[in-house]
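Here is what each chain is made of, one letter per residue.
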Amino acid sequence: MLFFAVFAFGMAGVQFSTPDMPDNDGYYHIRLAEIMREEGLKPTFNWLPLSILNEKEYYDHHFLFHVALIPFTFGDLRIGAKWAAVIFASLAFLSIWFLFHRQKISYAWLWAIALLGISDAFLYRMSITRAQSLSLAVLALAFLWLLEGKNKHLAVLAFIYVWMYDAFPLMLALGVLHFLATAMIERRLDFRPLLFIGGGIFAGLVINPYFPQNIIFSYNHMLPKLADATSVRVGNEWFPYETKQLLENSLPALIAFASGIFALGLSDKKMDVRTAFALLVSLLFGLMLFQARRFVEYFPPFALIFAASAWTP
């Protein structure tokens with residue numbers, strides 16, 4: 001509770017430094033959550049007839065996120081959306097502290113507090129009323145449960161992730177990287193976590209209030225961006241930062257990542273699975289950040305997790 005209060009205080013300071021909403025999408029999310037409260041969890045959606053969100057093909061790819069927003073729709077929607085962003089970001093930070101705590105990271109509290117200063121751009125992304133803060137919380141828990149071998153937990157979490165946000169393939173990517181880390185460090189092949197994650201994702205896709213439209217939508221939504229973002233009129237977040245911008249808004253995250261590599265060089269012990277896993281995950285999100293600035297919501301915290309793991313005796 002104390003850590004949650006600290007994180008909420010820090011994020012509220014950022015959020016309420018202005019009375020305005022920090023981005024445009026938050027208006028959509030909070031209003032749709034209000035409509036869901038008033039009309040039911042699957043309201044008729046007829047506002048974007050010329051897009052892939054037209055009434056015939058509509059799929060709420062933030063379904064559980066919108067459900068989580070419903071308690072914030074009583075009263076002024078703008079204020080509710082701002083408080084939702086504060087609470088969800090604080091939960092994400094708390095999940096990372098929980099990861100440090102469970103893994104017995106030295107000075108876990110200090111590493112967790114560093115989240116409030118790891119990257120300006122990261123704090124901005126955590127301050128907007130979108131699903132990425134809860135997505136980070138899910139990935140932090142997945143990271144922890146992969147290390148702890150809690151496969152049934154992973155299956156349930158994967159199912160929830162599919163219903164919450166269409167970034168669920170990231171959890172499968174974490175499973176693959178954990179498999180590689182285990183294979184490299186412990187010289188064994190453990191497919192079980194991947195099977196449980198894959199099973200949870202499959203169940204979430206099939207046992208879904210929007211099935212089968214959810215699968216068609218995910219294909220139409222993601223493929224053009226992955227194939228060639230510049231050929232599709234997408235938001236600025238799908239384009240990379242210039243090097244100067246990245247150095248200005250995320251320098252502490254880059255320093256944390258570099259310090260983790262330096263720590264590995266100073267250690268006289270073999271790298272363990274946890275550190276190798278954290279290194280691979282931070283490399284993945286770093287490469288994704290070089291492709292699209294929106295992934296600044298993942299690289300800084302996982303660079304911090306890697307540094308904390310590498311510096312822990």
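Rules behind the numbers
- Residues numbered from 1 in each chain as written.
- Predicted model: local features only at pLDDT ≥ 70, side-chain atom pairs only at ≥ 80, totals over all residues.
- Heavy atoms only, no water.
- Helix = DSSP H or I, 4+ residues; strand = E, 2+ residues; numbered from the N terminus.
- Rg over C-alpha atoms; globule rule 2.2 N^0.38 Å.
- Buried < 20%, exposed > 50% of the residue type's maximum accessible area, 1.4 Å probe, protein only.
- Contact = heavy atoms within 4.5 Å.
- Areas by Shrake-Rupley, 256 points an atom, 1.4 Å probe, with all protein chains shown as cover.
- Lys, Arg positive; Asp, Glu negative; His and termini not counted.
- Charge placed at Lys NZ, Arg CZ, Asp CG, Glu CD.
- Expected span 1.5 Å × (residues − 1).
- Core = buried A, V, L, I, M, F, W, Y, C linked by side-chain atoms within 4.5 Å.
- Salt bridge = Lys/Arg side-chain N within 4 Å of Asp/Glu carboxyl O.
- Phe/Tyr/Trp six-rings, centres within 6.5 Å; stacked < 30°, edge-to-face > 60°.

**Student:** Looking at this model, I keep getting lost on the overall build of the chain. Mind explaining?
**Tutor:** Helices and strands together make up the secondary structure of the chain, namely 14 helices and zero strands. Here the C-alpha atoms of the chain give a radius of gyration of 19 Å, agreeing with the 20 Å that 2.2 N^0.38 yields for 313 residues. On the principal axes, the C-alpha backbone points of the chain span a range of 60 × 45 × 40 Å. Relative to its 313 residues, the chain shows a buried fraction of 53%. The contacts in the chain between residues at least 6 apart in sequence include a share of 78% that link residues at least 24 apart. Looking at the chain as shown, the accessible area adds up to about 14900 Å², and 68% of this sits on carbon and sulfur atoms. The chain carries 23 positive and 22 negative side-chain charges, and their two centres are separated by 8 Å.

**Student:** Mind showing me how you'd approach helix H12 (residues 243-266) here?
**Tutor:** Each α-helix winds once per 3.6 residues, and so residues spaced three or four apart point in a common direction. In this model H12 runs just 29 Å from its N-terminal to its C-terminal C-alpha over 24 residues, more than 12% under the 34 Å that 1.5 Å per residue would give. Along H12, the residues that are buried comprise Leu246, Asn249, Ser250, Ala253, Ala256, Phe257, Ser259, Gly260 and Ala263. Against helix H6 (120-126), helix H13 (273-291) and helix H14 (299-311) lie the buried residues of H12.

**Student:** Any chance you could explain the nonpolar core here in plain terms?
**Tutor:** One broad trend across soluble globular proteins is that nonpolar side chains are buried collectively. Grouped together as the largest cluster of nonpolar side chains are 103 residues, with contacts concentrated most on Tyr161 and Phe285. Considering every element that reaches this core, the biggest residue donor is helix H4 (residues 77-102), with 12 residues. Setting aside anything within four residues of it in sequence, one finds Phe285 in contact with Leu139, Leu170, Leu174, Tyr298, Phe299 and Phe302.

**Student:** It is not clear to me how the pattern of salt bridges should be interpreted in this structure. Could you clarify?
**Tutor:** Within this structure, the stated rule accounts for 12 salt bridges. Shared partners join several salt bridges into a network, and the residues in it are Glu186, Arg188, Asp190 and Arg192.

**Student:** Please explain unusual backbone geometry as it appears in this structure.
**Tutor:** In this chain, Phe211 is followed by Pro212 through a cis amide linkage whose omega measures 5 degrees. With respect to the element layout, Pro212 can be found in the loop between helix H10 (192-206) and helix H11 (213-228). Phi at Tyr107 takes a positive value of approximately 55 degrees, unusual for a residue other than glycine. Positionally, Tyr107 belongs in the loop between H4 and helix H5 (108-113).

**Student:** I keep staring at the packing of aromatic side chains and nothing clicks. Help me out?
**Tutor:** To describe a pair of aromatic rings, you give the distance between the ring centres and the angle between the ring planes. Per the stated rule, a full pass over the model turns up 22 aromatic pairs. When the centroid spacing of 6.1 Å and the interplanar angle of 80 degrees are considered together, the rings of Tyr58 and Tyr210 count as edge-to-face. Taken together, the residues span a long stretch of sequence, with Tyr58 in the loop between helix H2 (25-39) and helix H3 (63-69) and Tyr210 in the loop between H10 and H11 at a distance of 152 residues. No difference in accessibility class separates Tyr58 from Tyr210, as the two residues are buried. A centroid spacing of 5.3 Å and a plane angle of 35 degrees characterise the contact between Phe285 and Phe302, whose relative ring orientation is tilted.

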